[in-house]
Amino acid sequence: MDKGIKRILLTLGCSMMVLFGYGQYKDDIPDNIQNKSFDPYTLLWYTSPASRWNDALPVGNGRLGAMVFGGVDAGRIQLNEDTYWTGGPYSSVVKGGYKYLPEVQQLVFKGEWWKAQKLFGRKLMGYPVEQQKYQSLADLVLFFDHEGQYQKYHRWLDLKTGIAGIQYTANGITYNREVFASDPDQVIVVRLTADKPGSISFTANLRGVRNQDHSNYGTDYFEMNGEGNNQLVLTGKSADYLGIKGREKYEARIKAVPEGGTMTISEDTLFIKNANEVTLYFVAATNFVNYKEVSADQHARVMAYLDEFSHKSYHDIRETAIRDYQNLFGRVKLNLPLTAGSFLPTDERLKNSKKASDPALAALAYQFGRFVLITSSRPGTQAANLQGIWNEDSDPMWDSKYTTNINTEMNYWPVESANLSECAQPLIHLVEDLTDEGAKVAREHYGCRGWVFHQNTDLWRVAAPMDGPTWGTFTVGGAWLTTHLWEHFLFTRDTAYLKKIYPVIKGSVQFFMDFLVKQPGSDWLVTNPSTSPENFPERPGNKPFFDEVTGGIRPGTNICAGSSIDMQILHDLFGYYIQATEVLDTDHNFAAKVSESRKRLLPPQVGKDGMLQEWAQDWGQTEAHHRHLSPLYGLYPGNVFSSAETPRLIGPCKALLEQRGDESSEWSRAWKVCLWARLGDGNRANSILTGYFNEGCHSQLFAGMSDGRVMQIDGTMGVTAGITEMIIQSQQGIIRLLPALPDVWSKGEFNGVCARGAFEINMQWAKKQIIRAEVLSKEGGICRINAGRAVQVTHNGKRIRTKKMNDGSIVFTTLKGNTYLLN
């Protein structure tokens, strides 16, 4: 190691901020960047403003979100509120669809795919066929008059505090801006300062957003006004869409608090002249109450927010926000080997990572994923959608809603292991909400008990098949989401929570106990209709056709019976339900019936090419390198395949993964990182991760392809999950340390990561071997752990009795609240 790197490592113990008393911070990030004494595991930084939305820096408090561009002459901050969507409460249930289900099933089993798909489209699709859109709320635009050129520009996002900032020098004056979102005070704060008194002058607008594509008939009207001499007010309503009346109303406000100088408002523009510093407070609310009601008073809500922090100083609000944020973010630390490239600007690190190893970039990406969860999914907020809470478009890609044939699930893959269990609450509540419409869909579309949900929903929690029969026959979307509810229990062992959500799990099981049918010529049970998400089988007569539902050409039909992902999800769902009845000591008779049906689920099939089949039949694929990896659900995130339990299927899983290749869409690459980690191949997983950094993410680490498409957070979160899986796994009752460690991560430290069984782990390794680990038992019980080498277990210096298992793992009994040391 050269002396420069050694000096950098020595300074990393110093924070990028100096603590003056309790909660009082003085930031020195630009100086630390200049001196290379910042923390490259938690700081994103750049030397120029964002030229496009995809490269702006996010802040958020779960409900309010902002994307900070950091412009010098014009500073744009794009703003969102998580309940602002098109439309209003509605239902997409079509009554009586169940009458046509037997005919659809018969056509599928007879191989008349086109007729089956067409009948499903006519009689079992929800209406309207599409759903509502997540909306952009506002833009705060600041206009400055800096004569001449600016120098020494820095823009950053500090993951340790959740604060975005910029600094630059113009005309000999150094200007600073910082932006953060406070959850306790429900406000986004913008702070402007300079090193010379009287230097802050700008004008500001709080602008509404209207659907420009629908300007001739859009109904998302808004008004921009000033109020008094210190507030900008934006009021408006949501757009009508798909025949659903826009019933949401919103209000947003900017309150300006300058120190020194003058402040005036003319119409809808704020003027600040010669201030020493200025603080802008952004608050916003809608009339949304829940998916059935929009009767709240948005104005009263906004005024209450303003009143709540009116007695607080900027410093009080900032300190409270940081303390609240760090209570979550500060739980986990991940350090991986540093290189000279680790101290480059983040956009340059991404470009450089392909030609020069930068293991610490993975640690930064891991922590960025945790930051995204904290800032987009808090108790009491909506679940994180395709874009989290950040969206600048009235017509966002895929409506920026909840896509549940992979994307929403991937958003929450790391939430438990990343020690952010509270951040799962919005997803849990979303699933609970879905059981309402889901029960109506189960009854009216399928004639079944329980509840069912398909591949998309929105703020209004509709649950019927949507988009078209190509996508609509995915009946296991709700079942997949339900496995997340069980995962929350596994990580917390909270039986009171399990009792509360037990009816949700049971309702999903009830639906499939009614819905499953016998496969002709066998005793196996299958779903019918079914699909393997967005892939099209190469089967006789399958060719492009014009779809009357979507009004466009489809590559072929994909309706089927018993797709691999369906059967694997149900294998997990039924198994989790049976375990839940045992924990709660309830419904044993029904659980016995579920157990018998579980044994009859169509098992995984291996094709003539040696690959795991995607469908019940041994069909080929019309798209060889398809982005979806649906047949491998059971390897990750599911618990169907493992080298210990299903060794004969690991080869076929690997063969399918090889056939799909390493390159794909951003979220697909993230899934492949997880899958190769489950297969124990850390170097392959890291190779795909490196490809993701080069081609699958934007400069601030949001997932997004290099073709410029808008970001999504699914790949961001999938990468965080995959990095975890490379270092620690805990499925099937065993904690495995360093199960898929890449060679270039030969040493490191991972503290605060969580494992199933309600355990929290601190671990250090060198030369790819564990040298120390601590296990905190949050709920007590049996701990089974495999450290990859012989270890002794102690508690407070006293040796703990362990039992060694055949696989090399050890088992020992823990007590709640105790920490156990492995040496």
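Draft legend 1. Up close: the overall build of the protein. When its secondary structure is counted, the protein shows 19 helices and 38 strands. For a compact globule of 823 residues, the expected C-alpha radius of gyration is about 28 Å, and the protein comes in at 27 Å, within 12% of that figure. Taken along its principal axes, the extent of the C-alpha atoms in the protein is 85 × 70 × 50 Å. Counting all 823 residues of the protein, 63% fall into the buried class.

Draft legend 2. Molecular detail of the pairing of strand S7 (residues 138–143). For S7, a buried count of five out of six residues is recorded, marking the element as mostly surrounded by other parts of the structure. Relative to S7, strand S6 (residues 74–81) runs antiparallel, the two being bridged by six bridges. Bridge assignment links Gln 78 to a residue of S7, and that residue is Asp 139. Bridging between S7 and strand S12 (residues 200–208) involves six bridges; their strand directions are antiparallel. Directly across from Leu 140, in S12, lies its bridge partner Leu 206.

Draft legend 3. The arrangement of the sheet that holds S7 in detail. The seven strands lie next to each other as S4-S5-S6-S7-S12-S17-S16, forming an open sheet whose pairing is antiparallel. Here the strands that pair on one side only, and so sit at the sheet edges, are strand S4 (57–60) and strand S16 (262–266). The mean inter-strand angle of the sheet, taken between neighbouring strand axes irrespective of direction, is 20°.

Draft legend 4. Fine view of the sheet that holds strand S38 (residues 819–822). Taking strand neighbours across the sheet as the criterion, the seven strands line up as S19-S30-S31-S32-S38-S34-S35 in an open arrangement whose pairing is antiparallel. Looking at the sheet topology across the chains shown, the edges are occupied by strand S19 (333–335) and strand S35 (798–799). Here strand S34 (residues 793–795) pairs with S35 via two bridges, running antiparallel. Looking at S35, one finds that His 795 is bridged to Lys 798.

Draft legend 5. Molecular detail of the confidence of the model for the protein. Chain-level pLDDT for the protein is 95 on average; 96% of the residues reach the 70-or-more range. When the criterion is pLDDT under 50, residues 1–26 qualifies, and its contacts beyond four places in sequence or with other chains add up to 46 contacts.

Draft legend 6. Examining the side chain of Asn 786 more closely. You can see Asn 786 is positioned in strand S33 (residues 781–786). Those residues within four positions of Asn 786 in sequence are excluded, and the remaining contacts are Ile 734, Ile 735, Arg 736, Leu 737, Asp 807, Gly 808 and Ser 809.

Draft legend 7. View of helix H16 (residues 647–660). Compared with the 20 Å implied by 1.5 Å per residue over 14 residues, the 21 Å span of H16 between its first and last C-alpha is a close match. Residues Leu 649, Ile 650, Pro 652, Cys 653, Leu 656, Leu 657 and Arg 660 constitute the buried set of H16. Where H16 is buried, its residues meet strand S27 (620–621) and helix H17 (666–678). Following H16 by one or two positions, Gly 661 has its phi on the positive side, about 80°.

Draft legend 8. Examining the pattern of salt bridges more closely. Applying the stated criterion across every chain, the model contains 48 salt bridges. A salt bridge links Arg 378 to Asp 183, with the nearest nitrogen and oxygen atoms 2.9 Å apart. Of the two residues, Arg 378 is situated in the loop between helix H8 (359–376) and strand S20 (402–403) and Asp 183 in the loop between strand S10 (173–182) and strand S11 (187–194); the sequence distance between them amounts to 195 residues. The exposure class of Arg 378 is buried, given its relative accessible area of 6%.

Draft legend 9. Focus on the nonpolar core. Ranked by size, the top nonpolar core spans 241 residues in total, and within it Leu 280 and Met 763 carry the most contacts. Ranked by the residues each element gives to this core, the list is headed by H8, at twelve residues. Each residue touching Met 763, except ones within four places of it in the same chain, is listed here: Ile 727, Ile 728, Leu 737, Leu 738, Gly 748, Glu 749, Phe 750, Asn 751, Ile 770, Arg 772 and Ala 773. Tyr 281, Leu 306, Ile 317 and Ile 322 belong to the second-largest nonpolar core, a separate cluster that totals 14 residues.

Draft legend 10. Up close: the packing of H8 against helix H19 (residues 714–727). Where H8 meets H19, the axes come as close as 8 Å, and the angle between the chain directions of the two elements is 125°. With respect to their mutual orientation, H8 and H19 come out oblique. Where H8 crosses over H19, the handedness of that crossing is left-handed. From H8, Ala 362, Ala 365, Tyr 366, Phe 368, Gly 369, Arg 370, Val 372 and Leu 373 reach across to H19, where they touch Thr 716, Met 717, Val 719, Thr 720, Ile 723 and Thr 724. When grouped by side-chain class, the residues that make up the contact of H8 with H19 number nine nonpolar, four polar and one charged.

Draft legend 11. Representation of the pairing of S38. By the bridge criterion, four bridges tie strand S32 (residues 769–777) to S38 in an arrangement that is antiparallel. Each bridged residue has a counterpart across the sheet, and for Leu 776 the counterpart in S38 is Thr 819. As paired elements, S34 and S38 share two bridges and run antiparallel to each other. Paired with Val 793 across the two strands is Leu 822, which belongs to S38.

Draft legend 12. The arrangement of the state of the cysteines in detail. One pass over the structure, following the stated rule, counts zero disulfides. No disulfide involves Cys 423; its sulfur sits 12 Å from the nearest other cysteine sulfur, which is in Cys 754. With relative accessibility at 0%, the residue Cys 423 sits in the buried group. Cysteine Cys 448 shares no disulfide, and the gap to the nearest cysteine sulfur, in Cys 560, comes to 17 Å.

Calculation criteria
Residues numbered from 1 in each chain as written. Predicted model: local features only at pLDDT ≥ 70, side-chain atom pairs only at ≥ 80, totals over all residues. Heavy atoms only, no water. Helix = DSSP H or I, 4+ residues; strand = E, 2+ residues; numbered from the N terminus. Rg over C-alpha atoms; globule rule 2.2 N^0.38 Å. Buried < 20%, exposed > 50% of the residue type's maximum accessible area, 1.4 Å probe, protein only. Pairing = 2+ DSSP bridges. Axes fitted to C-alpha atoms, helices over the stretch in contact; angles between N-to-C directions. pLDDT = per-residue confidence, 0-100. Contact = heavy atoms within 4.5 Å. Expected span 1.5 Å × (residues − 1). Salt bridge = Lys/Arg side-chain N within 4 Å of Asp/Glu carboxyl O. Core = buried A, V, L, I, M, F, W, Y, C linked by side-chain atoms within 4.5 Å. Parallel < 35°, antiparallel > 145°, perpendicular 65-115°, else oblique. Left-handed = near helix turned anticlockwise from the far one by under 90°. Nonpolar A, V, L, I, M, F, W, Y, C, P; charged D, E, K, R; others polar. Disulfide = S-S within 2.5 Å.

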